[in-house]
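# Secondary and tertiary structure notes
What follows is each chain in one-letter form.
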Amino acid sequence: MAGLPEVLALDEIAPDRFRSGPIPSQWPRTFGGQIAAQSLMAAARTLDRSYSAHSMHGYFLRPGRPHESTDHLVERIRDGGSFCTRRVTAVQAGEAIFTMTASFHLGDEGFSHQVDMPAVPAPGHIPESDLISGWSMPRPAEWRDWEMRWVPRGEIGHVPEAPACQRVWIRYGRQLPDDGAVHTCALTYLSDMALLGSARLPHPQAVVQGASLDHSLWFLRPFRADEWLLYDQVSPSAEHGRALTRGRLFDTGGRLVAAVAQEGLMRFDRPRSMAGRDTEEGTHGAHASASVP
């Protein structure tokens, strides 16, 4: 399976058009975090490195096919003095599978405040796990280079603002280059890992189809994705076959480095003929979580 550097290696095949080759996967659909990370890297490649991404907002439109290459088409929406905006569309076989708008900031001076990091055991006090919390399924092979240590449920306690909560320490297990764009894209990749599973915690026996529908990220402070980050994941609501999830990422110093929001498909399992119709009509753009129990 490809490592993160290979995932983010894009070929510029024309001005503002970048191609990612096939990335092997044990899933029948491309992992959504992968497509989002590649699209953000394509956007960053059209900017001076003095600009860094501060937010991205994306929609998963159709399932991606891992065995095919993907073209990332970048539109230069705005180039300003402090902010630049890019729109990226990921395309396979002439069809859009993902679209994203990202904003980049040169950086300014201002006041500072943040919420406190939840009190949890340090990652060195938690064993490594090969299971994905919320789904109770083995970690896929393409995540082998990511280290994940799930905070025990007994260490989380009651979270008043959410009926479901899970927390995991996570980092990329190999050293990444000193390039802010690489770390931002790495966090984009990991932000889609297991987040939707938080919505399943109150309903562990339900057999559902799950997939990311849309995804938003805010990059708040500098960080490294190859150092431990605490990913605090909650699901405040689920209704009509969709679940809302939110996430916050803290470094080991307690700094809030990023925030995430995602709505995902979380409907009761249905016959494949009906599920296929949704995919063909594009009413439920799905990523590689596929239909997992």
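Everything below is about the structure printed above this text.
In this numbering scheme, every chain counts its residues from 1 along its sequence in written order. The predicted nature of this model means local features are confined to residues of pLDDT at least 70 and side-chain atom pairs, given and counted, to a pLDDT of 80 or more, with totals for whole chains, interfaces and linings taken over all residues. Side-chain descriptors were evaluated using all non-hydrogen atoms of the structure, hydrogens and water having been removed beforehand.

### Description of the overall build of the protein
Secondary structure elements follow DSSP: runs of H or I no shorter than four residues count as helices, runs of E no shorter than two count as strands, and numbering proceeds from the N terminus. Broken down by element type, the protein carries 4 helices and 14 strands. As a reference, a globule follows 2.2 Å times the number of residues to the power 0.38, and the radius of gyration itself is taken over C-alpha atoms. Here the protein has a C-alpha radius of gyration of 18 Å; the compact-globule value for 293 residues is 19 Å, and the two agree. Overall, the C-alpha framework of the protein stretches about 50 × 50 × 35 Å when taken along its three principal axes. For the protein, the proportion of its 293 residues judged to be buried stands at 56%. In what follows, residue pairs with any heavy atoms lying within 4.5 Å of each other are defined as contacts. A separation threshold of at least 6 residues defines the contact pool for the protein, and within that pool the share at least 24 residues apart is 71%. Accessible surface, the protein as shown: approximately 13,300 Å² in total, 51% of it carbon and sulfur. Burial status follows relative accessibility: with a 1.4 Å probe on protein chains alone, a residue under 20% of its type maximum counts as buried, one over 50% as exposed, and anything between as partly exposed. Every accessible area reported is derived by Shrake-Rupley at a probe size of 1.4 Å, with residue values counting cover from the shown protein chains alone.

### Comments concerning helix H2 (residues 32-44)
In this scheme, a helix's expected span is set at 1.5 Å multiplied by one less than its residue total. Here H2 is 13 residues long and its end C-alpha atoms lie 18 Å apart, about the 18 Å a rise of 1.5 Å per residue gives. Where burial is concerned, most of H2 is hidden: 13 out of the 13 residues are buried.

### Concerning the packing of H2 against helix H3 (residues 180-191)
Each pair of packed helices gets described by two things: the angle between the helix axes and the distance between those axes. With axes taken as lines fitted to C-alpha atoms, and helix axes fitted only over the stretch in contact, angles between N-to-C directions fall between 0 and 180 degrees. As a packed pair, H2 and H3 sit with axes 7 Å apart at the nearest point and diverge in direction by 155°. The pairing of H2 with H3 is recorded here as roughly antiparallel in orientation. Regarding H2 and H3, the two cross each other, and that crossing is right-handed. Counting all contacts with H2, which are made through Gly 33, Gln 34, Ala 36, Ala 37, Leu 40, Met 41 and Ala 44, the residues of H3 involved are Ala 181, Val 182, Thr 184, Cys 185, Thr 188 and Tyr 189. Amino acids are sorted into nonpolar (Ala, Val, Leu, Ile, Met, Phe, Trp, Tyr, Cys and Pro), charged (Asp, Glu, Lys and Arg) and polar (every other residue, Gly among them). A breakdown of the residues in the contact of H2 with H3 according to their chemical character gives 9 nonpolar, 4 polar and no charged. Roughly parallel means an angle under 35 degrees; roughly antiparallel means over 145; roughly perpendicular covers 65 to 115; every other angle is labelled oblique. Two helices that cross are described as forming a left-handed crossing if the nearer one is turned anticlockwise from the farther one by less than a right angle, and a right-handed crossing if clockwise.

### What to know about the environment of Glu 75
Following the sequence through the fold, Glu 75 ends up in strand S4 (residues 70-79). The exposure class assigned to Glu 75 is partly exposed, which follows from its relative accessible area of 36%. Residues within four places of Glu 75 in sequence aside, it is in contact with Thr 85, Arg 86 and Arg 87.

### Remarks on the sheet that holds strand S1 (residues 11-14)
Reading across the sheet, the 12 strands line up as S1-S2-S4-S5-S6-S3-S11-S14-S13-S12-S10-S9 and stay open at both edges, with antiparallel pairing between neighbours. Edge positions in the sheet fall to S1 and strand S9 (146-150), since each has one partner strand and no second. Direction aside, neighbouring strands of the sheet carry axes that sit 25° apart on average. For two strands to be treated as a pair, DSSP must find at least two bridges joining them. Pairing analysis gives 3 bridges linking S1 to strand S2 (residues 17-20), with the strands arranged antiparallel. Within S2, the position partnered with Ala 14 by the bridge is Arg 17.

### Overview of the packing of aromatic side chains
The way to describe two aromatic rings as a pair is by their centre distance and the angle between their planes. What counts as a ring pair is set by centres within 6.5 Å for rings of Phe, Tyr and Trp (its six-membered ring), and what kind of pair is set by the plane angle: stacked under 30 degrees, edge-to-face over 60, tilted for all other angles. Tallied over the full model, the rule gives 7 aromatic pairs. Relative to Phe 31, the ring of Trp 27 has its centre 6.1 Å away and its plane inclined at 40°; by these criteria the two rings are tilted. For the ring pair Phe 60 and Phe 98, a centre distance of 5.0 Å and an interplane angle of 40° mean the geometry is tilted. Highlighted residues: Phe 60 in strand S3 (residues 52-60) and Phe 98 in strand S6 (residues 95-105), separated in sequence by 38 residues. Accessibility assignment for this pair places Phe 60 and Phe 98 in one class, buried. Here a set of aromatic residues connected by ring pairs shows up, and it is made of Trp 27, Phe 31, Trp 143, Trp 146, Tyr 172 and Tyr 189.

### Observations regarding the side chain of Thr 188
Considering the arrangement of structural elements, one finds Thr 188 in helix H3. Once residues lying within four places of it in the same chain are set aside, the contact partners of Thr 188 are Gly 33, Ala 36, Ala 37, Leu 40, Leu 217 and Phe 219.

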